[in-house]
Amino acid sequence: MAAAVGGFGGSKKLVEIFYDVVSPYSWLGFEVLCRYRQHWSIELRFRPAFLGGIMKETGNQPPAMVPKRGEYMMKDIKRMAKYYHVPMQIPKDFFGSVIRKGSLSAMRFITAVDMTQPQFLEPVSRELWMRIWFRAAEEAGLPSALAQKLLAMTSTPEVKNRLKETTEEALKYGAFGMPAVVAHVNGEAHLFFGSDRLELLGNVIGEKWLGPVPAASKPRM
Amino acid sequence: MAAAVGGFGGSKKLVEIFYDVVSPYSWLGFEVLCRYRQHWSIELRFRPAFLGGIMKETGNQPPAMVPKRGEYMMKDIKRMAKYYHVPMQIPKDFFGSVIRKGSLSAMRFITAVDMTQPQFLEPVSRELWMRIWFRDEDITQPESILAAAEEAGLPSALAQKLLAMTSTPEVKNRLKETTEEALKYGAFGMPAVVAHVNGEAHLFFGSDRLELLGNVIGEKWLGPVPAASKPRM
C-alpha cells in the first residue's frame, strides 16, 4: 500500500479509516476526516471492517459493558455529536439495536459496494449510520435493482472474505476497537484509535487542527 | 460547592480534576488544565482520588488488561506526552510499577497535603508524577514520597509530619470521600474532569475531552500548549 500518493510537487499522505456503522464514534471520525480532505493534504481511504471481529480477536469489550461507562457514553455521544455537527441520537433500544443485533450484514453490504461501486461507499456508509444512529433513512441513491444485486452479493464467499481480510488488516495495524485510523508517514504506519485523536493525527502528519468543523466546509447532512 | 466563583463582573467556572498519580493520562489533563488557568475563566480545583477504588466500584479495568490496547497505549502515551509537552516515559516494568504496586500511599500523602498545605498540592502531585512517569522511580515507599515532597519544596520536618498523617483515619476517610464524590459524578476512570455550568455538573473523562470541555464552558481550545504559557517543567 503506497504511503505517499499524488504527483510531483507534494504528495498526499494516505489516511485509512477502518470503521463499522454500528460504531457511533466511527461516524464522528468518518465525518471529520471527510471534511479534512479539503484542508489537509491527505488521501482518505475508507476501510469497512467488522468491529465484532476485532472485539473477538483482541478480547476487548464494548465500553458500555461497564455500566457507568455506558451511562457516560450516552451523554458523551450526544455532546460530541453536537460539537462535531453530526446528527446523532441514541437508539431507543440501544442494547437491542447496537449490542445484540450487530452489524455483520450491513458491513458485508458495504463491502460489496466497496468492491463493485466504490463511488457509493461514502454515501451508503453514511446512510447506514443515519439509519442506526439518527433515523430510518431513505436509500443513498442506489438504484433499487443495484441495491438488490448488492444485497444478494453479501452472502457470497468473495464478499465475506473481503470483509474478513479488511478486518484482519485492521488487527495487524494493532486495532482493538473503532474507529481505527492509520496514517502513513515516511513509510511508517501510525494507528490512532478514537474520534478524539484527530488533532494528534494532524500533528503527526504535519497539519493544523481546525476543530471538528473546519471553516468553509459545508456540513454534508 | 459553588458552581460560580469570583467577584462581580464575570464569574469563573469551577473545574475540578479528579486524578491519581498512577494515571499517565491524568498527568496530561492536569498539566493542560494548569496552563489554561491563564486562558480560560476557570477556577481549577485539584481533587486527589484513588483510581484503584474507582476501578473496583465500577467494574472497570485498566486499558492495558486488553493486550493490544496495552501495546497501543505505550505508543499513544509517548505521542500524546510529546504533543502535550509533558516529559513522560513508560516505566520499564509497566505492570509492576503501575498495575501491581499502585498508588494508595502516594494518594494518601497528597490528600494530607491537600488538607493542611494546599499551596503544595500542585507541586507535590507533579513531583510524584515525575517520579513514576518520567524517572521510573518508586512512589510507594516512605523515602520515595519524602523525596518527592522535598523536590516540591516542602520543608523536611513538615513532610515527615504529613507522612505520619497518612495512616490516620482522617486522611484515609478524606481520600475515600473524594473518591466517592468522583464516583457520584459518574467517573469510571481518570482523569475525571467535572465542569460546573449554570448549576449543572458535566463530567469529562480523559485527557482528550478538554477541547469539548472548552466548548461546553464557552471557551476556545488553543491546543494543549496554548501560546504564552511557559511549560511548567
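Residues numbered from 1 in each chain as written. Chains lettered and ligands numbered in written order. Predicted model: local features only at pLDDT ≥ 70, side-chain atom pairs only at ≥ 80, totals over all residues. Heavy atoms only, no water.

1. Observations concerning the interface of chain B and chain A
Then comes step 1: On the chain A side, the residues contacting the 28 residues of chain B number 28 residues.
Then comes step 2: Carbon and sulfur atoms supply 55% of the area buried between chain B and chain A, which totals about 2,600 Å² over both sides.
Then comes step 3: For the interface between chain B and chain A, the tally reads four salt bridges.
Then comes step 4: One salt bridge in this structure joins Asp76(A) and Arg209(B), with 2.7 Å as the shortest N-O distance.
Then comes step 5: Counting across the interface, chain B meets chain A through 12 residue pairs in polar contact (both at pLDDT 80 or more).
Then comes step 6: Elements represented by at least two residues in the side of chain B that touches chain A include exactly helix H3 (67-83), strand E5 (200-205) and helix H10 (210-216) of chain B.
Then comes step 7: Here the side of chain B that touches chain A takes eight residues from H3(B), the largest share from any one element.
Then comes step 8: Its residues assigned to classes, the side of chain B that touches chain A shows 14 nonpolar, seven polar and seven charged. (Contact = heavy atoms within 4.5 Å. Buried area = accessible area lost by both parts, 1.4 Å probe. Salt bridge = Lys/Arg side-chain N within 4 Å of Asp/Glu carboxyl O. Polar contact = N/O pair within 3.5 Å; in protein donor to acceptor, adjacent residues only side chain to side chain. Helix = DSSP H or I, 4+ residues; strand = E, 2+ residues; numbered from the N terminus. Nonpolar A, V, L, I, M, F, W, Y, C, P; charged D, E, K, R; others polar.)

2. A word on the pattern of salt bridges
Then comes step 1: Scanning the model with the defined rule gives 28 salt bridges over all chains in all.
Then comes step 2: With a closest N to O distance of 3.1 Å, Glu43(A) and Arg45(A) form a salt bridge.
Then comes step 3: The closest approach of N and O atoms between Arg45(B) and Glu43(B), which form a salt bridge, is 3.1 Å.
Then comes step 4: Glu43(B) gets classed as partly exposed once you look at its relative accessible area, which sits at 25%.
Then comes step 5: Salt bridges sharing partners connect three or more residues here, namely Asp76(A), Arg79(A), Asp196(A), Arg197(A), Asp76(B), Arg79(B), Asp208(B) and Arg209(B). (Buried < 20%, exposed > 50% of the residue type's maximum accessible area, 1.4 Å probe, protein only.)

3. Brief notes about the packing of aromatic side chains
Then comes step 1: For the coordinates displayed, the defined rule picks out 28 aromatic pairs over all chains.
Then comes step 2: Both rings, one in Tyr72(A) and one in Phe205(B), keep their centres 6.3 Å apart while their planes meet at 90°; by these two values the pair is edge-to-face. Linking Tyr72(A) in helix H3 (residues 67-83) with Phe205(B) in strand E5, this pair reaches from one chain into another. The pair formed by Tyr72(A) and Phe205(B) is uniform in burial state, with each residue classed as buried.
Then comes step 3: Through a chain of ring-to-ring contacts, three or more aromatic side chains come together here, namely Tyr19(A), Trp27(A), Phe30(A), Phe46(A) and Trp129(A).
Then comes step 4: Here the guanidinium or amino end of Arg79(B) rests over the ring plane of Phe192(A), the centre of that ring lying 4.0 Å away. (Phe/Tyr/Trp six-rings, centres within 6.5 Å; stacked < 30°, edge-to-face > 60°. Lys NZ or Arg CZ within 6 Å of the ring centre and 35° of its normal.)

4. Considerations on the nonpolar core
Generally speaking, nonpolar side chains in soluble globular proteins are found buried as a group.
Then comes step 1: The biggest cluster of nonpolar side chains holds 132 residues, and the ones touching the most others in it are Tyr19(A), Tyr19(B), Phe109(B), Val124(B), Trp133(B), Leu154(B) and Leu213(B).
Then comes step 2: Ignoring sequence-local partners within four residues, the contact set of Val124(B) consists of Phe109(B), Ile110(B), Val113(B), Ala152(B) and Leu154(B).
Then comes step 3: Formed by 15 residues, the second largest nonpolar core is a distinct cluster that contains Phe18(A), Ala170(A), Phe176(A) and Ala180(A). (Core = buried A, V, L, I, M, F, W, Y, C linked by side-chain atoms within 4.5 Å.)

5. Considering a nonpolar patch on the surface
Then comes step 1: On the surface, Met65(B), Phe95(B) and Ile99(B) cluster together into a nonpolar patch covering about 240 Å² of accessible area.
Then comes step 2: Structurally, the position occupied by Phe95(B) is in helix H4 (residues 94-100). (Patch = residues over 30% accessible without salt bridge, like charges linked within 9 Å, V, L, I, M, F, W, Y side chains within 5 Å. Areas by Shrake-Rupley, 256 points an atom, 1.4 Å probe, with all protein chains shown as cover.)

6. Notes on unusual backbone geometry
Then comes step 1: Cis geometry marks the peptide bond from Met178(A) to Pro179(A); its omega dihedral reads 0°.
Then comes step 2: Relative to the helices and strands, Pro179(A) is located in the loop between helix H8 (157-172) and strand E4 (180-185).
Then comes step 3: Across the junction of Met190(B) and Pro191(B), the peptide omega takes the value 0°, indicating a cis bond.
Then comes step 4: As for its placement among the helices and strands, Pro191(B) is situated in the loop between helix H9 (169-184) and strand E4 (192-197).
Then comes step 5: The backbone phi angle of His85(A) is positive, close to 60°, even though this residue is not glycine.
Then comes step 6: The backbone of His85(B) shows a phi angle near 55°, a positive value even though the residue is not glycine.
Then comes step 7: Here His85(B) is to be found in the loop between H3 and H4.

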